[in-house]
2 protein chains.
Amino acid sequence: MDGVGTKLKIAGALAKHDTIGIDLVNHCVNDILTCGAEPLFFLDYIAMGKLVTEQVEAIAKGLAQACREVGCALIGGETAEMPGLYAGEDYDLVGFIVGVVEKEKLIMGKTIGVGDTIIGLPSSGLHTNGYSLVRKVFGEAKPVLDAYYPELGRTLGEALLEPHRCYYHQLKPLLPLIKGMAHITGGGLIDNVPRVLPQGVAAQFHRRAWTVPPIFQLIQQRGNVAHDEMYHVFNMGIGMVVICSPDNADQFTKAIPGAKVIGEVVEQADKARVVIK
Amino acid sequence: MDGVGTKLKIAGALAKHDTIGIDLVNHCVNDILTCGAEPLFFLDYIAMGKLVTEQVEAIAKGLAQACREVGCALIGGETAEMPGLYAGEDYDLVGFIVGVVEKEKLIMGKTIGVGDTIIGLPSSGLHTNGYSLVRKVFGEAKPVLDAYYPELGRTLGEALLEPHRCYYHQLKPLLPLIKGMAHITGGGLIDNVPRVLPQGVAAQFHRRAWTVPPIFQLIQQRGNVAHDEMYHVFNMGIGMVVICSPDNADQFTKAIPGAKVIGEVVEQADKARVVIK
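Report follows, based on the coordinates. Small disclaimer: the values here were computed from a predicted structure and weren't measured. (Residues numbered from 1 in each chain as written. Chains lettered and ligands numbered in written order. Predicted model: local features only at pLDDT ≥ 70, side-chain atom pairs only at ≥ 80, totals over all residues. Heavy atoms only, no water.)

1. Quick notes on the pattern of salt bridges
Argument step 1. In total, this model carries 22 salt bridges over all chains according to the counting rule given.
Argument step 2. Note that K7 of chain A is salt-bridged to D23 of chain A, the shortest N-O span being 2.7 Å. Taken together, the positions of K7 of chain A in helix α1 (residues 7-13) and D23 of chain A in helix α2 (residues 20-33) put the pair 16 residues apart, joining distant regions of the chain.
Argument step 3. Owing to a relative accessible area of 0%, K7 of chain A belongs among the buried residues under this scheme.
Argument step 4. Take D23 of chain A: its relative accessible area is 0%, and that puts it in the buried class.
Argument step 5. Residues K16 of chain B and D18 of chain B are paired through a salt bridge, measuring 2.7 Å at the closest nitrogen-oxygen approach.
Argument step 6. Residue K16 of chain B is classed as partly exposed on the basis of its relative accessible area, which comes to 34%.
Argument step 7. By sharing partners, the salt bridges in this structure join K16, D18 and K61 of chain A into a single network. (Salt bridge = Lys/Arg side-chain N within 4 Å of Asp/Glu carboxyl O. Helix = DSSP H or I, 4+ residues; strand = E, 2+ residues; numbered from the N terminus. Buried < 20%, exposed > 50% of the residue type's maximum accessible area, 1.4 Å probe, protein only.)

Quick look at the structure:
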């Protein structure tokens with residue numbers, strides 16, 4: 001069960017509601033994929049102050065499209081009108097997914113050991129995290145979001161609304177080779193990767209092993225955000241982390257566009273479970 | 001998947017958050033009970049502008065208590081901080097439940113026919129519907145909610161916050177005798193009962209077969225709400241409707257305190273699927 005955070009506010013500011021449902025479904029699909037599960041069915045909850053039919057239709061269109069792409073049944077949901085709780089055309093959007101994996105195929109991270117390879121899969125942008133910080137930096141006025149940035153090749157708003165990438169189809173054929181997986185959401189690499197590590201080991205990342213996409217550089221510069229905070233709030237270009245035996249690393253980097261070896265599993269030296277060098 | 005509507009605003013006005021989770025779970029349990037399903041697992045989503053730990057703890061306490069009472073696993077959830085979307089200490093609360101029923105035991109209403117008996121199970125109050133209308137009538141100022149009403153035997157706020165009743169334990173042993181069931185939520189008897197009726201039949205209710213609880217009379221008088229609207233917005237004292245063969249009606253009225261025969265299934269005479277005489 002998850003939401004899309006205040007990416008909703010950017011969608012609202014730009015009156016573009018047909019991709020936020022894609023964000024939600026893909027976020028949920030990636031979440032359950034980390035234990036090896038395939039999506040079975042999905043339900044949504046949309047709450048707003050006053051029902052705006054076109055808005056709900058646009059949201060549902062995105063939900064349906066993303067569900068279709070992973071063969072997940074969109075079996076229902078709830079649309080709630082809650083005057084006094086949501087202001088203006090504000091709404092909240094929540095997704096619930098159930099998936100299935102055979103017990104013996106569960107990916108739990110238990111076999112991860114020192115020397116294993118960490119592979120990063122490219123994100124498509126901020127995915128669904130860090131928007132409260134982004135809104136502090138840029139605000140949410142339409143003219144600001146409509147500004148074109150050459151380094152982004154599009155407007156700020158377009159870059160911010162880029163849908164959350166789904167890793168299901170890329171990773172499905174490779175699931176048997178995966179020892180552990182972390183979906184890089186709120187908390188970034190720092191908070192999400194330790195969840196999958198067994199005791200006594202740490203994840204060491206090489207900052208220079210991948211290029212941080214321009215959108216993150218822009219946020220950091222404009223907001224004068226500390227380096228550490230950036231890696232703690234945003235995915236910094238890595239949407240999914242896969243841990244596998246070094247022998248199998250090639251299979252990921254060859255099969256998945258943009259996938260790179262970005263670190264390795266090391267002995268835990270101190271309290272830190274994640275080291276970004 | 002469902003929420004508790006703007007009952008949340010009443011809970012907020014009275015700073016009482018330990019029963020709203022009970023409302024949510026019981027609402028969800030009743031919803032899936034209508035097809036004969038037993039609850040398996042539940043997840044919650046709590047979204048607020050700024051995390052108020054005591055509030056989340058109180059909400060979770062109610063969720064846990066209600067799940068425990070029906071043997072449903074509370075397996076997780078999401079707590080989202082969304083500044084700018086929720087004002088002050090406002091929050092939204094969403095529940096998701098998965099239940100299970102053997103295919104041959106599914107209650108679908110297909111066998112309902114003319115002459116079947118309609119049994120009403122007493123609600124404990126408004127349950128989780130009609131709060132936007134209530135707030136129009138009374139507002140949500142604490143002094144108004146704290147006023148004592150002799151006919152309620154308690155304050156207005158206490159009556160309004162009375163938790164949604166759960167019908168699981170009362171109905172579970174009688175499920176094999178049930179032809180159809182409707183959980184009376186938003187839309188009242190008028191909108192919820194037709195969902196379970198096969199084509200060609202209608203539900204005829206006898207208004208005088210049950211006593212509308214004082215809280216509904218109070219709302220109607222103070223708000224000068226039309227009779228029809230009352231039956232279309234509120235449960236009017238009937239939280240669950242069960243349809244069974246006349247031979248079996250006794251088993252419900254004897255086993256369940258307050259359960260009454262309140263109508264019967266008739267041939268559909270015109271467009272109306274529900275007639276309240």
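2. What about the side chain of T128 of chain A?
Residues and elements named next belong to chain A.
Argument step 1. Note that T128 resides in the loop between β5 (117-122) and α4 (131-138).
Argument step 2. On the basis of relative accessibility, which here comes to 5%, the residue T128 falls in the buried class.
Argument step 3. One polar contact links T128 to H164, side chain to side chain, over a distance of 3.4 Å.
Argument step 4. Apart from residues lying up to four places away in sequence, T128 is in contact with V4, K7, D23, H27 and H164. (Polar contact = N/O pair within 3.5 Å; in protein donor to acceptor, adjacent residues only side chain to side chain. Contact = heavy atoms within 4.5 Å.)

3. Remarks on the state of the cysteines
Argument step 1. Considering all chains together, one arrives at zero disulfides over all chains under this definition.
Argument step 2. Looking at the unpaired C244 of chain A, the closest cysteine sulfur is the one in C35 of chain A, lying at 18 Å.
Argument step 3. Not engaged in a disulfide, the cysteine C35 of chain B finds its nearest cysteine sulfur in C28 of chain B; these two sulfurs lie 13 Å apart.
Argument step 4. The exposure class assigned to C35 of chain B is partly exposed, which follows from its relative accessible area of 25%. (Disulfide = S-S within 2.5 Å.)

4. So, the sheet that holds strand β1 (residues 2-3) of chain B
Residues and elements named next belong to chain B.
Argument step 1. Read from one edge to the other, the open sheet built from four strands follows the order β1-β4-β2-β3, with strand pairing classed as mixed. Of all strands in the sheet, those with a lone pairing partner are β1 and β3 (73-81), marking the two edges.
Argument step 2. With two bridges connecting them, β1 and strand β4 (residues 91-100) associate as antiparallel partners. Paired with D2 across the bridge in β4 is G95.
Argument step 3. Strands β1, β2 (38-48) and β4 of the sheet are contacted by helix α2 (residues 20-33), whose axis makes an angle of about 35° with β4.
Argument step 4. Across the sheet, helix α3 (residues 53-69) lies against β2, β3 and β4, angled at about 170° from β2, the strand it touches most. (Pairing = 2+ DSSP bridges. Axes fitted to C-alpha atoms, helices over the stretch in contact; angles between N-to-C directions.)

5. As for unusual backbone geometry
In most cases, non-glycine residues show a negative phi, while peptide bonds are predominantly trans.
Argument step 1. One non-glycine residue with positive phi stands out, namely H127 of chain A, at about 55°.
Argument step 2. Positionally, H127 of chain A belongs in the loop between β5 and α4.
Argument step 3. Positioned with a positive phi, N224 of chain B is a non-glycine residue whose angle comes to about 50°.
Argument step 4. Here N224 of chain B is to be found in the loop between α9 (214-223) and α10 (227-233).

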